[in-house]
Amino acid sequence: MRKQVLDTSSTLIKDLIKTLASSRVAMAGSVISGVVLPVLVISAILDMKGGAENPYFGFLIYMVMGPIFMAGLATAVIGVLFFKDKEAIGLFTLEYIKDQLSMPGRFTRVRKLIYLSSFLMALTTLVVLVVSVSGYKYTETVSFCGQFCHVVMEPEYITHQNSPHSRVSCVECHIDENAGLFTKAKVSGIKQIFSTLFNSFDRPLKTPIKSLRPNRNVCEKCHRPEMFHGAKLYLKDSYLPDEKNTVVRTVLLMKVGSGGYRTGAAQGIHWHVSPNHHVYFQSSDDGDSITKVKLIDHDGSEIIFSSTGDYTSPKGPASEDFRLMDCLDCHNRPTHIFLAPEEAIDQKMIEGLISSELPFIKRQAVEALRLEYSSQTEALKAIAVRIESWYRDNEPRVYQLQWEQLSRAIAGIGRAYSENVFPEMNVDWGTYGSTLGHRQGGGCFRCHEGNHRTEAGRVIPNGCDLCHVVLADHEKDPAIMNLLYGDKGVK
Ligand code: HEC
Ligand code: HEC
Ligand code: HEC
Ligand code: HEC
Ligand code: HEC
């Protein structure tokens, strides 16, 4: 009995092979799929068990081997149907099937053949499904976006890892789910990443890259400025470049304000994104300065502020050069935050990686960071040599007695460099500026510098108390800290 079953199944397999062999095209296709299948299954199991963190591994499985497997299958089917060679035995032709069905002894064999092929079909469908779903999911991972195109995306990947949004995946911000059909958005998302790779591969990437720019709906999946209210206290410590690395404090009462919710009126900084009025703006040709601002107020009245004396109202719907202000016009770097050298070192000192007990460490560190290096590897070596030899020559006691602190500090300075500067992509200090404050007259001061006025002379306000109350500006022991902390001591 067992032998019989074995016999039938072996003839069945023989038949199947014969059919495939009747077409060279089909044979080639099935050989390809047959070779890839076991590798694919084993790799997929490894990947699901989390054994393979490497982004190239995922790419290889889902974006290379998966499609090859499917192409092989498709070729086999097409081969059987359309590219039969002369000696076709025609398992799939009508006459053959009729013949088989009309011969009583053969009927069971055909039935078994049908069972076998249904089983194989089901198995294949399963594999195809798993591969497509995993492949699709894989393109959504931070690892795919950030590491696969390693050099190109490295600056964005590293800054993302160190930002408040490090747990928000790339596609959550960069693919707009509301942009029409779900699938369309997804396809364009993948396209975006590749077009970034192949088309707009400038070093550094020229920003803003319009196709990657999130819109306000993206931010509002998680944040709702119309729910904000009141002001917030911002405390920021920094270190002076003196022998003691003196700590100074900046304290601002930031008028974060609100977009206005129900009965509460929009006010403060988030007044700009209130649904009750709209702020549009026009930039100069090079895009650096804002020449005209149009405010449509809550009562529908139109107010034009201009810095050039041209008060004509820009017409038409909002477009690239006549933009409706949204979150991105202030928060252009919510996650790819590139710090200035001083800030980067302050951060490592606050984290304790660089000890403030090392005399002149702030000054020496910032000096070392500011030099130009050809690659991160070179930078790390050169920075270490430079800091070490400076302490050896100028602070021999520190060099001997605080060696451990010094070597930790050197590592910290290296990190401050490699988290912010990417010579391979020509990303240097200041390549990607933030528009959130008013460094070098940019940011808010593109409109709030006191030069934008209406024809009647109303100026976009620019008093130092408009956006924040400056309670301390880089001060040592400011009175406000004693007030805030009382006699518990300043921490
Ligand atoms: C919290 C939202 C958010 C997340 C998460 C995010 N980005 Fe961005 N990304 C932005 C914004 C905002 C911009 C700047 C857009 C502008 O100025 O036009 C940007 C810009 C970019 C740019 C253009 C270059 C630049 O720096 O302006 C690239 C490339 C990029 N992101 C890649 C990534 C990658 C890769 C990840 C994941 C590792 C990621 N982004 C995660 C919000 C995000
Ligand atoms: C998937 C949810 C999500 C999305 C989308 C998102 N954020 Fe956030 N954002 C967060 C969370 C969570 C935090 C708080 C992180 C923390 O405090 O560690 C945060 C923090 C912030 C902060 C405060 C940062 C700080 O220094 O404390 C700002 C500003 C911000 N987001 C702006 C944006 C902007 C602008 C966008 C759109 C481009 C955006 N976010 C998109 C979840 C999100
Ligand atoms: C006019 C410029 C401007 C616009 C437009 C703007 N913001 Fe802000 N936002 C700021 C400033 C300035 C702060 C406070 C400084 C900081 O967080 O570093 C802030 C703070 C925040 C914070 C942190 C608030 C907190 O309480 O900690 C979030 C979140 C945020 N904004 C989200 C958004 C979102 C979402 C939008 C768009 C709907 C938006 N902002 C539009 C300037 C702006
Ligand atoms: C595109 C131009 C533009 C930019 C950029 C801009 N603002 Fe404004 N802002 C305006 C206009 C216009 C007004 C309203 C002036 C008026 O009503 O006379 C305004 C008003 C304000 C107000 C007063 C709101 C109220 O309570 O009535 C605050 C606060 C403010 N801006 C903060 C900021 C901050 C902070 C930034 C940068 C992060 C910034 N703005 C960037 C155009 C701008
Ligand atoms: C239109 C709004 C606006 C006006 C007007 C304004 N500022 Fe600011 N200022 C900001 C914002 C927003 C930040 C925070 C930037 C950040 O979070 O990085 C800031 C930050 C600062 C800081 C802290 C800088 C640091 O080291 O972090 C100081 C000091 C300061 N402002 C002083 C002033 C003074 C002095 C004036 C008047 C000449 C002024 N500001 C006018 C919006 C404004």
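Residues numbered from 1 in each chain as written. Chains lettered and ligands numbered in written order. Predicted model: local features only at pLDDT ≥ 70, side-chain atom pairs only at ≥ 80, totals over all residues. Heavy atoms only, no water.

Caption draft 1: How the structure looks around the overall build of the chain. Within the chain one finds 16 helices and seven strands. Scored against the burial criterion, the 491 residues of the chain give a buried share of 37%. Within the chain, counting contacts between residues at least 6 apart in sequence, those at least 24 apart form 64% of the total. (Helix = DSSP H or I, 4+ residues; strand = E, 2+ residues; numbered from the N terminus. Buried < 20%, exposed > 50% of the residue type's maximum accessible area, 1.4 Å probe, protein only. Contact = heavy atoms within 4.5 Å.)

Caption draft 2: Main features of the side chain of H272. Along the chain, the position of H272 falls in the loop between strand 2 (247-254) and strand 3 (278-283). Among the polar contacts listed, one links the side chain of H272 to the backbone oxygen of I269, at a separation of 2.8 Å. In this view, H272 contacts H277, V279, M325 and H448; residues no more than four positions away in its chain are not counted. (Polar contact = N/O pair within 3.5 Å; in protein donor to acceptor, adjacent residues only side chain to side chain.)

Caption draft 3: Local environment of the site of ligand 5. Taken together, the neighbourhood of ligand 5 is formed by 19 residues, with K236, H438, C464, C467 and H468 sitting nearest. Between ligand 5 and the protein, one listed contact pairs an oxygen atom with a side-chain N or O atom of K236 at 2.8 Å. Residue H474 places a side-chain N or O atom 3.4 Å away from an oxygen atom belonging to ligand 5. At the level of secondary structure, the elements contributing two or more residues to the shell around ligand 5 comprise strand 2 and strand 7 (468-475). At four residues, the largest contribution of residues to the shell around ligand 5 is made by strand 7. Taken together, the residues of the shell around ligand 5 break down into eight nonpolar, eight polar and three charged. (Near = heavy atom within 4 Å. Nonpolar A, V, L, I, M, F, W, Y, C, P; charged D, E, K, R; others polar.)

Caption draft 4: Fine view of the sheet that holds strand 7. If you trace the three strands from one edge of the open sheet to the other, you get 1-2-7, paired in antiparallel fashion. Two strands bound the open sheet, and with one partner strand each, they are strand 1 (232-239) and strand 7. Ignoring which end each strand starts from, the neighbouring axes of this sheet average 10 degrees apart. (Pairing = 2+ DSSP bridges. Axes fitted to C-alpha atoms, helices over the stretch in contact; angles between N-to-C directions.)

Caption draft 5: Focus on the packing of aromatic side chains. Taken as a whole and judged by the stated rule, the model has seven aromatic pairs. With a centroid separation of 5.2 Å and an interplanar angle of 20 degrees, the aromatic rings of Y280 and F322 are classed as stacked. One end of the pair, Y280, is in strand 3; the other, F322, is in strand 6 (residues 322-324), and 42 residues separate them in sequence. Centre to centre, the rings of F338 and Y432 are 5.0 Å apart; their planes meet at 40 degrees, and the pair counts as tilted. You can see F338 sitting in the loop between strand 6 and helix 11 (341-350) and its partner Y432 sitting in the loop between helix 15 (403-418) and strand 7, a full 94 residues away along the chain. With respect to burial, F338 and Y432 carry one shared label: buried. One aromatic cluster is present, built from ring pairs that chain together F338, F422 and Y432. It is R363 that lies over the ring of F360; its NZ or CZ is 4.1 Å from the centre. (Phe/Tyr/Trp six-rings, centres within 6.5 Å; stacked < 30°, edge-to-face > 60°. Lys NZ or Arg CZ within 6 Å of the ring centre and 35° of its normal.)

Caption draft 6: Focus on the packing of helix 12 (residues 361-370) against helix 13 (residues 376-394). Where helix 12 contacts helix 13, the two axes come as close as 10 Å, and the packing angle between them is 145 degrees. Along this stretch, helix 12 crosses helix 13, giving a crossing that reads as right-handed. Where helix 12 abuts helix 13, its residues I361, R363, Q364, A365, E367, A368 and L369 lie against I383, R386, I387, W390 and Y391. Within the contact of helix 12 with helix 13, the residues separate by chemical class into eight nonpolar, one polar and three charged. (Left-handed = near helix turned anticlockwise from the far one by under 90°.)

Caption draft 7: Seen up close, the environment of V127. Here V127 is to be found in helix 5 (residues 107-138). Classification of V127 as buried rests on a relative accessible area of 16%. Placed 86 residues apart in sequence, V127 and V41 show a C-alpha to C-alpha distance of 8.2 Å. In contact with V127, not counting residues within four places along its chain, are L37, L40 and F69.

Caption draft 8: Fine view of the pattern of salt bridges. For the coordinates displayed, the defined rule picks out 16 salt bridges. The residue E342 makes a salt bridge to R370 at a minimum N-O spacing of 2.8 Å. Of this pair, E342 sits in helix 11 while R370 sits in helix 12, and the two are 28 residues apart along the sequence. In this structure E342 comes out as partly exposed when scored by relative accessible area, which is 31%. Here the salt bridges do not stand alone but share partners, grouping K348, E351, R415 and E419 into one network. (Salt bridge = Lys/Arg side-chain N within 4 Å of Asp/Glu carboxyl O.)

Caption draft 9: View of the site of ligand 2. Around ligand 2 sit P164, H165, V168, E172, V218, C219, C222, H223 and H331, and that is every residue in its neighbourhood. A distance of 2.7 Å separates a nitrogen atom of ligand 2 from a polar side-chain atom of H165. In terms of residue class, the shell around ligand 2 is made up of five nonpolar, three polar and one charged.

Caption draft 10: Structural detail: the nonpolar core. Grouped together as the largest cluster of nonpolar side chains are 29 residues, with contacts concentrated most on I345, I383, Y391 and I413. Where this core is concerned, the elements lending two or more residues are helix 11, helix 12, helix 13 and helix 15. Setting aside anything within four residues of it in sequence, one finds Y391 in contact with L358, P359, F360, I361, Q364, P396, V398, Y399 and L406. In terms of nonpolar packing, the next biggest core, distinct from the first, is built from 13 residues, V152, I209, M425 and V427 among them. (Core = buried A, V, L, I, M, F, W, Y, C linked by side-chain atoms within 4.5 Å.)

Caption draft 11: Representation of the coordination of the iron atom of ligand 4 in the model. Within the protein, the atoms that donate to the iron atom of ligand 4 are H272 (NE2) and H448 (NE2), at distances of 2.0 Å. For the iron atom of ligand 4, the six donor atoms in the first shell make angles of 87 to 179 degrees at the metal, so the coordination geometry reads as octahedral. Taken together, the residues H272 in the loop between strand 2 and strand 3 and H448 in the loop between helix 15 and strand 7 connect sequence positions 176 residues apart. Note on accessibility: H272 and H448 belong to one class, buried. (Donors = N, O, S within 2.8 Å, 3.2 Å for Na, K, Ca; no water. Tetrahedral: all angles 85-135°; square planar, octahedral: opposite > 155°, others 65-115°.)

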